[in-house]
Amino acid sequence: MSETQRPASEVEHLGSGLKVRHLTMMGLGSAIGAGLFLGSGVGIAAAGPAIIVSYLLAGVMIIFVMRMLGEMGAALPVSGSFSHYARIGIGRWAGFSMGWLYWFMLIMVLGVEITGASAIVQSWLPGVPQWVVALVFVTFFAVVNLARVANFGEFEFWFAALKVAVILGFLVIGILLVFGLLPGTEPVGTTHLLGDGDGFAPNGIAGVAAGLLAVAFAFGGIEIVTIAAAESKDPERSIATAVRSVVWRISVFYLGSISIMVLVLPWTAASGETSPFVSVLDIAGIPYVSGFMELVVVIALLSAFNANVYGTSRMAYSLARGGDGPAWLSKLTHHGVPRNAVLVSVFFGFVSVWLNWLLPDTILGILLNAVGSALIAIWLFIVVSHLRLRRKFEREGTIRLRMWLFPYLSWFTLAMLIGFIVLMLSDSAARVQLASTFVLFLIITALGLLWHRTHDDKTVSHPSDRPAQ
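Remember, predicted model here, so these are calculated numbers, not experimental data. (Residues numbered from 1 in each chain as written. Predicted model: local features only at pLDDT ≥ 70, side-chain atom pairs only at ≥ 80, totals over all residues. Heavy atoms only, no water.)

Assigned secondary structure in the protein chain consists of 19 helices and zero strands. The burial tally for the protein chain puts 57% of its 469 residues in the buried class. In the protein chain, 82% of the contacts between residues at least 6 apart in sequence involve partners at least 24 apart. Looking at the protein chain as shown, the accessible area adds up to about 18,700 Å², and 69% of this sits on carbon and sulfur atoms. (Helix = DSSP H or I, 4+ residues; strand = E, 2+ residues; numbered from the N terminus. Buried < 20%, exposed > 50% of the residue type's maximum accessible area, 1.4 Å probe, protein only. Contact = heavy atoms within 4.5 Å. Areas by Shrake-Rupley, 256 points an atom, 1.4 Å probe, with all protein chains shown as cover.)

Have a look at this one:
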């Protein structure tokens, strides 16, 4: 069996109920979340109208990363995705470190997402304790993820479809506002785009850089497409189609939405307190917009929670299958669902919620800082894995989706990521995140070396664990 051949156990046992529409909408839903609906104001406040440049740079970077990940995913669709590619492309230590870093990152995010959603819902139902709302949500999505994978895919499809519909509606209303086609409105012109007299980039290059730090992580989440591809009926074709679709839709939705915001709103009115989406819709005179956007944010958070329970469970399953985790995490139900891995993810989701309630400003803040830059590390390893594996896939004839202008754009993307890290070093808060993530990475890597030293005599290494030459 070749080093990059898909493990037979995953072909035989994991479910295969996901369709291309599930994968496509899943990728969209994971990236279109509260970060876009609420966090875009932070970026605009930092960069002014030049936030468009920040989004464009971050968008190009993640499009290239996704194209490389899509190429590897279509050639070798496995539930471990980039963890498996790091294992066979760089070394077993890299697969262990990337897989558990991703798992830890999503576990922490689970607690934040469910806490945020339950807090909003509890404000609608003041007589119900917030922990009860959180318990209901977590239990419900545990049941969804323990059922057939097709059920999870269907839930995620409709969650994401609603978010996409909201974005499309926002774009239509925004375009009508820009051209003064709504009653009582005039064409907006370029006054706000030029910073209301302060220029397109009122805070200069430093503002664009600060905006880039604020928006880059908003694109995180679409990597779940390649994790889920292993459970589709035709993984190779499904992931190629889904990645192609996600790339241009994300570009249109993000860049389109931000363009509308900076055309319609003064940049000085933006902040992290009020959603620019709400501000634009208020100008359009749409009633009950604030309450509606609250509902959309709740759905965005629950959609991300649902997807992240899936992502953590499949990553833990894949790591266990490869000998990088306890074997009991790889146990499957007769529907092909890794039940123990799902239950562990849900349990630690509860723990994260409890930490969020108990120690919001101490240990939770430390843990969230530790995962704040984890996506950058994961993207870096995706690029390096791609550079190491491309020739191997070519020799085996398994490439179905190609990265453009290889290896030049791959090296360019690596340079962009390194430049982004240098940029983070210039920001005090980002420096803390980088340092915390680096320490966490070292701890996970050390645990991996210890794990392999104590367990290698008990497990048989899969041939694909050997790094590419």
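What follows covers unusual backbone geometry. Between Phe 406 and the following residue, Pro 407, the backbone shows a cis peptide bond with an omega angle of 5°. When you line up the elements, Pro 407 lands in the loop between α17 (374–396) and α18 (408–425). Within the chain, Ser 81 stands out as a residue other than glycine whose phi angle is a positive 45°. Note on placement: Ser 81 falls in the loop between α5 (51–75) and α6 (82–89). On the basis of relative accessibility, which here comes to 0%, the residue Ser 81 falls in the buried class.

Take a nonpolar patch on the surface next. Together, Trp 124, Leu 125, Val 128, Phe 292 and Leu 295 make up a nonpolar patch on the protein surface, roughly 420 Å² of accessible area in all. Residue position: Trp 124 is located in helix α7 (residues 92–124). Taking relative accessible area as the criterion, Trp 124 reaches 38% and is therefore assigned partly exposed. (Patch = residues over 30% accessible without salt bridge, like charges linked within 9 Å, V, L, I, M, F, W, Y side chains within 5 Å. Salt bridge = Lys/Arg side-chain N within 4 Å of Asp/Glu carboxyl O.)

Relative to the elements of secondary structure, Arg 67 occurs in helix α5. Despite its burial, Arg 67 pairs with no opposite charge, the nearest such side chain being Glu 71 at 6.5 Å. A polar atom in the side chain of Arg 67 sits 2.7 Å from the backbone oxygen of Arg 402. With near-sequence residues (within four places) excluded, Arg 67 lies in contact with Val 243, Arg 244, Leu 401, Arg 402, Met 403 and Trp 404. (Lys, Arg positive; Asp, Glu negative; His and termini not counted. Polar contact = N/O pair within 3.5 Å; in protein donor to acceptor, adjacent residues only side chain to side chain.)

A word on the packing of helix α13 (residues 276–283) against helix α14 (residues 289–321). Contact geometry of α13 with α14 gives a least axis separation of 10 Å together with a crossing angle of 150°. Overall, the two elements α13 and α14 adopt an arrangement that is roughly antiparallel. With respect to the hand of their crossing, α13 and α14 are arranged in right-handed fashion. Residues Phe 277, Val 278, Leu 281 and Asp 282 of α13 pack against Val 289, Ser 290 and Met 293 of α14. By residue class, the composition of the contact of α13 with α14 is five nonpolar, one polar and one charged. (Axes fitted to C-alpha atoms, helices over the stretch in contact; angles between N-to-C directions. Parallel < 35°, antiparallel > 145°, perpendicular 65-115°, else oblique. Left-handed = near helix turned anticlockwise from the far one by under 90°. Nonpolar A, V, L, I, M, F, W, Y, C, P; charged D, E, K, R; others polar.)

By volume, the second largest pocket amounts to about 240 Å³. Surrounding the second largest pocket, eleven residues form its lining, Gln 130, Trp 131, Ala 134, Val 353 and Trp 357 being those nearest its centre. Those elements that place two or more of their residues in the lining of the second largest pocket are α7, α8 (130–146) and α15 (339–358). Classifying every residue of the lining of the second largest pocket gives seven nonpolar, four polar and no charged. (1 Å grid on protein atoms, 1.4 Å probe; cavity = no way out; pocket = protein on both sides within 12 Å on 5 of 7 lines; lining within 4 Å. Points joined across faces, edges and corners; volume = space filled by probe spheres on them.)

Side chains of residues three or four places apart in an α-helix project in the same direction, reflecting 3.6 residues per turn. Over its 17 residues, α8 runs 24 Å from end to end, which matches the ideal 24 Å to within 8%, given 1.5 Å per residue. Listed as buried for α8 are Val 133, Ala 134, Phe 137, Val 138, Phe 141, Ala 142, Val 144 and Asn 145. Down the axis of α8, the buried set is contained in an arc of 165°. They therefore lie on one face. Along α8, exposed side chains directed more than 90 degrees from the buried face belong to Val 136 and Val 143. (Expected span 1.5 Å × (residues − 1). Arc of directions from axis to C-beta.)

The biggest cluster of nonpolar side chains holds 155 residues, and the ones touching the most others in it are Ile 32, Phe 37 and Trp 379. Examining the composition of this core, we find that 17 residues originate from one element, α14, more than from any other. Residues within four places of Ile 32 in sequence aside, it is in contact with Phe 37, Lys 163, Val 164, Ile 167, Ile 250, Phe 253 and Tyr 254. (Core = buried A, V, L, I, M, F, W, Y, C linked by side-chain atoms within 4.5 Å.)

What the rule picks out here adds up to eight salt bridges. Here Arg 314 ties to Glu 231 by a salt bridge, and the two come within 2.7 Å at their closest N and O atoms. Of this pair, Arg 314 sits in helix α14 while Glu 231 sits in the loop between α11 (224–228) and α12 (235–264), placing them 83 residues apart in sequence. The class of Arg 314 is buried, set by a relative accessible area of 1%. One salt bridge in this structure joins Arg 390 and Glu 394, with 3.1 Å as the shortest N-O distance. With a gap of four residues between them, Arg 390 and Glu 394 both fall in helix α17, about one helical turn apart. The network of salt bridges with common partners includes Glu 71, Arg 390, Arg 391, Glu 394 and Arg 402.

All right, on to the packing of α8 against helix α9 (residues 149–178) then. It is at 7 Å that the axes of α8 and α9 come closest, and there the two elements cross at 125°. When the axes of α8 and α9 are compared, the pair comes out oblique. For the pair α8 and α9, contact is made by Phe 140, Phe 141, Val 144 and Asn 145 and by Asn 151, Phe 152, Phe 155 and Phe 159, respectively.

The subject of this paragraph is the packing of aromatic side chains. Under the defined criterion, the tally for this structure stands at 17 aromatic pairs. Ring geometry for Trp 93 against Phe 381: centres 6.0 Å apart, planes inclined by 80°, an arrangement best described as edge-to-face. Pair noted here: Trp 93 is in helix α7 and Phe 381 is in helix α17, with a separation of 288 residues, a long-range link. Looking at Trp 93, the relative accessible area reads 35%, which means it is partly exposed. Ring geometry for Trp 103 and Phe 348: centres 5.5 Å apart, planes at 80°, overall edge-to-face. Linking Trp 103 in helix α7 with Phe 348 in helix α15, this pair joins segments that are 245 residues apart in sequence. Clustering of aromatic rings is evident, with ring pairs tying together Phe 96, Trp 100, Trp 103, Phe 347 and Phe 348. Between the NZ or CZ atom of Arg 21 and the centre of the ring of Phe 157, over which it lies, the distance is 4.6 Å. (Phe/Tyr/Trp six-rings, centres within 6.5 Å; stacked < 30°, edge-to-face > 60°. Lys NZ or Arg CZ within 6 Å of the ring centre and 35° of its normal.)

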